[in-house]
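Coordinate analysis (summary)
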Amino acid sequence: MDKLIIRGGKPLTGTVTISGAKNAALPELCAALLTAETVTLHNVPGLQDVATMLKLIRNMGVQADRSATESCTVTLNAGALHSPEAPYELVKTMRASVLALGPLLARFGRARVSLPGGCAIGSRPVDQHIKGLQAMGAHIVVEHGYMIASLPAGQTRLKGANITTDMVTVTGTENFLMAAALAEGETILENAAQEPEIGDLAEMLIKMGAQIEGHGTSRIRIQGVERLHGCAHQVVADRIEAGTFLCAVAAAGGDVVLTHGRADHLDVVIEKLREAGAVVTAGAGFIRIQASGRMKAQSFRTTEYPGFPTDMQAQFMALNAIAQGTSTVTETIFENRFMHVNEMARLGAKIQIEGKVAVIEGIEKLSGATVMATDLRASASLVIAGLVADGETQVERIYHLDRGYDGMEAKLRGLGADIERLKA
């Protein structure tokens, strides 16, 4: 397997372009299943999860082509889709496969989707997806590792419904949005997730002819239509990639401008960075961060958007590990999202886990060592730690990193980091 070699101690300076958001691109690729017309997506990131999703929908019979001149542009046409199925062998590494369930059921009246895989960061049950689609009239059984969904005899469309989830679920909200767009009647989603990626999906669906109001709030109203048409849409910038680079600069020091960055999607993270001592300014389509010396440790608690994102917890913990003072990090979303702590300890970090709380005692220097990535965001935290560690750090199992960061080592190298990828 590939690994990264990082020689720490170099500040980061220059400009970096933020890619399209993985968590918007994946549901938007599935949204193309809702129409027989052509859908063009721009700013699609070159990630392993995106490649997996493209392979999955091509297996269904979807024509999906990357532009020969712009690799970030993907053209999709599901007019000849012949197999509404997401088999285990294609989705075992990617939880987002569950996003095929709603659109397939809404357009074809049936679907067979494997229970999803993904990072081993804790329980992320699909029962909310099933309950919501059942409320819309679907018959769903789970057997032999698959969700098998169909409409009752004589019924050609899902029915609008009031859906209130037991918890805030991002992929559940996305599945219901796509399914409700073609349902008969009105669907109201209560306790809906409010992430920017959901708003971006809703805007794409509206371009396709969907009638949606309230996206970006906890209550979304969808009036179903009989058919959707094709569209062209640009995937929103990846706020988690942007936040990761902001944390990297705060830890390593330097002066970096993030183009395509959306500061309005990172309010809580940016406020914490400012409190830590970084200077962060922003305007239309850019974020600039300037940092020098050790930051001040910051405590925080992860929660649903617009709170502090769980997907930024590990990266900010890497910053806290070399900051001045002691901090606490409380993880409320996933129960296994402290797996990076043991690897950070190999670099010298002083972190104690007490249930859902990590107590970090900041130290002046980390020391390079060989570490192993355990999940996507843990990978990024170990890269940040390596950027500030004395000597050489080797980060192994970086296939996790490739699932969510488009050319991260090349972007960091462009900012002056001493980092290289060693091919297996």
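Coordinates for the structure precede this section.
**Things to note about the sheet that holds strand 23 (residues 370–372)**
Strand order across the open sheet formed by four strands is 23-25-1-26, with mixed pairing between neighbours. Since the sheet does not close on itself, it has two edges, and those belong to strand 23 and strand 26 (418–422), each with one partner. On average, adjacent strands in this sheet sit at an angle of 20 degrees to one another, irrespective of strand direction. Packed onto the sheet, helix 12 (residues 376–388) meets strand 1 (3–7), strand 23, strand 25 (392–396) and strand 26 and runs at close to 30 degrees relative to strand 1.

**A word on the pairing of strand 21 (residues 357–361)**
Every second residue of strand 21 is oriented toward a common face, the buried set being Ala358 and Ile360 and the non-buried set Val357, Val359 and Glu361. Examined bridge by bridge, strand 19 (residues 326–330) and strand 21 share five bridges and lie antiparallel to one another. Pairing of Thr330 across the sheet is with Val357, part of strand 21. In terms of strand pairing, strand 20 (residues 350–354) meets strand 21 through five bridges, oriented antiparallel. Opposite Ile353, over in strand 21, you have Ala358 as the bridge partner. Hairpin connection of strand 20 to strand 21: two residues between the antiparallel strands, including Gly355 at a positive phi of 65 degrees.

**Considerations on the sheet that holds strand 21**
On the basis of which strands lie adjacent, the open sheet formed by four strands has the order 18-19-21-20 and mixed pairing. If you trace the sheet from one side to the other, it starts and ends with strand 18 (300–301) and strand 20, each paired once. Packed on one face of the sheet, helix 10 (residues 313–321) meets strand 18, strand 19, strand 20 and strand 21 and runs near 30 degrees to strand 21.

**Some words on the packing of aromatic side chains**
One pass over the structure, following the stated rule, counts three aromatic pairs. Geometrically, the ring pair formed by Phe300 and Phe308 is stacked, given 4.0 Å between the ring centres and 20 degrees between the ring planes. Grouping aromatic residues by their ring pairs yields a cluster made of Phe300, Phe308 and Phe316. Cation over ring: Arg112 sits above Tyr146, and NZ or CZ is 3.8 Å from the ring centre.

**What about the side chain of Gln128?**
In this fold, Gln128 is placed in helix 5 (residues 127–135). By relative accessible area, Gln128 is classed as buried at 4%. Here the side chain of Gln128 touches Asp127 through a polar contact of 3.1 Å, side chain to side chain. Setting aside its immediate chain neighbours within four residues, Gln128 contacts Thr165, Asp166, Met167, Thr169 and Phe176.

Scoring rules and cut-offs
- Residues numbered from 1 in each chain as written.
- Predicted model: local features only at pLDDT ≥ 70, side-chain atom pairs only at ≥ 80, totals over all residues.
- Heavy atoms only, no water.
- Pairing = 2+ DSSP bridges.
- Helix = DSSP H or I, 4+ residues; strand = E, 2+ residues; numbered from the N terminus.
- Axes fitted to C-alpha atoms, helices over the stretch in contact; angles between N-to-C directions.
- Contact = heavy atoms within 4.5 Å.
- Buried < 20%, exposed > 50% of the residue type's maximum accessible area, 1.4 Å probe, protein only.
- Phe/Tyr/Trp six-rings, centres within 6.5 Å; stacked < 30°, edge-to-face > 60°.
- Lys NZ or Arg CZ within 6 Å of the ring centre and 35° of its normal.
- Polar contact = N/O pair within 3.5 Å; in protein donor to acceptor, adjacent residues only side chain to side chain.

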